[in-house]
Amino acid sequence: DAAKVDGANSWNTFIHITLPGLRNVIFFVTIFQLIASFNLFAQPQLMTGGGPGRSTLPVMLYIYQTAFNFSMPYMGISSAMSIISGGIIFIIVMVLFSTLGKETYQDVIYMDKKMIKFLTTNFFALLLIILFAFPIYWMIIDSLMPNDLIIKWPPIFFPNKLTLSNYLQIIN
């Protein structure tokens, strides 16, 4: 109302008053919608299994089918595909963070400082982070190991031979 009294038209009111107030909500919805679109799995799996052909095969379902193929499982390639899709999500989130403005970004930095203080004072929180970080480490190591070493028993947690062949197979 104050903008209309000052003589602003509806476009200027929207750009300078409404949109900055909705910036955090737009960011939140965009991030969660992006993550949800990358994690689309259950609906195509239940309805069509990715078919006919590959017409309804989203990224996560393709990664799943590559990893758990009954004739020849390619765990390394599927781990590499997961890391690449996670990297794409991370890059898009960082671009959104950089376009948000200083107010929101400073709030994120403040939350990180609070989190660091919490982690240094709470040993159990650090233990939980280690437990959650191990699957990420395992996925990265799997993406860098040849397929015959991945399915070997007992599992190799610190392999001597790392290769980029799984990433090269994705490119080809």
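1. A look at the overall build of the protein chain
Right, on to step 1. On a plain count of helices and strands, the protein chain comes out with nine helices and zero strands.
Right, on to step 2. Ordered by position in the sequence, the α and β elements of the protein chain form the string α-α-α-α-α-α-α-α-α.
Right, on to step 3. The buried share among the 172 residues of the protein chain stands at 24%.
Right, on to step 4. Accessible surface computed for the protein chain: about 12700 Å², of which carbon and sulfur atoms make up 71%.

2. Some words on the confidence of the model for the protein chain
Right, on to step 1. Averaged over all residues, the pLDDT of the protein chain is 80; the fraction at 70 or higher stands at 86%.
Right, on to step 2. No element of the protein chain has a lower mean pLDDT than helix H6 (residues 102–121), which averages 59, and none a higher one than helix H4 (residues 59–67), which averages 88.

3. Here's the deal with the environment of Phe157
Right, on to step 1. Residue position: Phe157 is located in the loop between helix H8 (147–150) and helix H9 (165–171).
Right, on to step 2. Taking the relative accessible area as the measure of exposure, Phe157 reaches 36% and is therefore partly exposed.
Right, on to step 3. Residues Phe157 and Tyr137 lie 20 residues apart in sequence; the distance between their C-alpha atoms is 9.3 Å.
Right, on to step 4. Not counting chain neighbours up to four residues away, the residues in contact with Phe157 comprise Phe134, Tyr137 and Trp138.

4. A look at the packing of aromatic side chains
What describes a pair of aromatic rings is the distance from one ring centre to the other and the angle between the planes of the rings.
Right, on to step 1. In the structure shown here, the tally under the stated rule is nine aromatic pairs.
Right, on to step 2. Relative to Phe157, the ring of Phe134 has its centre 5.8 Å away and its plane inclined at 55°; by these criteria the two rings are tilted. Here Phe134, found in helix H7 (residues 123–144), pairs with Phe157, found in the loop between H8 and H9; they are 23 residues apart in sequence, far enough to count as distant.
Right, on to step 3. Judged by centre distance (6.1 Å) and plane angle (45°), the ring pair of Tyr137 and Phe158 falls under tilted. Taken together, the residues Tyr137 in helix H7 and Phe158 in the loop between H8 and H9 connect sequence positions 21 residues apart.
Right, on to step 4. Accessibility expressed as a relative area gives 27% for Tyr137, which makes it partly exposed.
Right, on to step 5. The rings of Phe134, Tyr137, Trp138, Phe157 and Phe158 are connected pair by pair, giving a single aromatic cluster.

5. Here we look at helix H2 (residues 10–38)
Right, on to step 1. Here H2 contains 29 residues, and its C-alpha end-to-end distance of 36 Å is more than 12% below the 42 Å for a straight helix at 1.5 Å per residue.
Right, on to step 2. Among all positions of H2, only Thr13, Phe27, Ile31, Leu34 and Phe38 are buried.

6. Considerations on the nonpolar core
The tendency in soluble globular proteins is for nonpolar side chains to be buried side by side.
Right, on to step 1. Counting seven residues, the largest nonpolar core consists of Phe27, Ile31, Leu34, Phe38, Ile89, Val93 and Phe97.
Right, on to step 2. No other element matches H2, which puts four residues into this core.
Right, on to step 3. Beyond its immediate stretch of four places on either side in the chain, Ile31 contacts Val93 and Leu96.

7. Some thoughts on the side chain of Asp142
Right, on to step 1. Tracing the backbone through its elements, the reader meets Asp142 in helix H7.
Right, on to step 2. Judged by its relative accessible area of 7%, Asp142 falls in the buried class.
Right, on to step 3. Setting aside its immediate chain neighbours within four residues, Asp142 contacts Gly76, Ser79, Ile150 and Asn166.

Rules behind the numbers
Residues numbered from 1 in each chain as written. Predicted model: local features only at pLDDT ≥ 70, side-chain atom pairs only at ≥ 80, totals over all residues. Heavy atoms only, no water. Helix = DSSP H or I, 4+ residues; strand = E, 2+ residues; numbered from the N terminus. Buried < 20%, exposed > 50% of the residue type's maximum accessible area, 1.4 Å probe, protein only. Areas by Shrake-Rupley, 256 points an atom, 1.4 Å probe, with all protein chains shown as cover. pLDDT = per-residue confidence, 0-100. Contact = heavy atoms within 4.5 Å. Phe/Tyr/Trp six-rings, centres within 6.5 Å; stacked < 30°, edge-to-face > 60°. Expected span 1.5 Å × (residues − 1). Core = buried A, V, L, I, M, F, W, Y, C linked by side-chain atoms within 4.5 Å.

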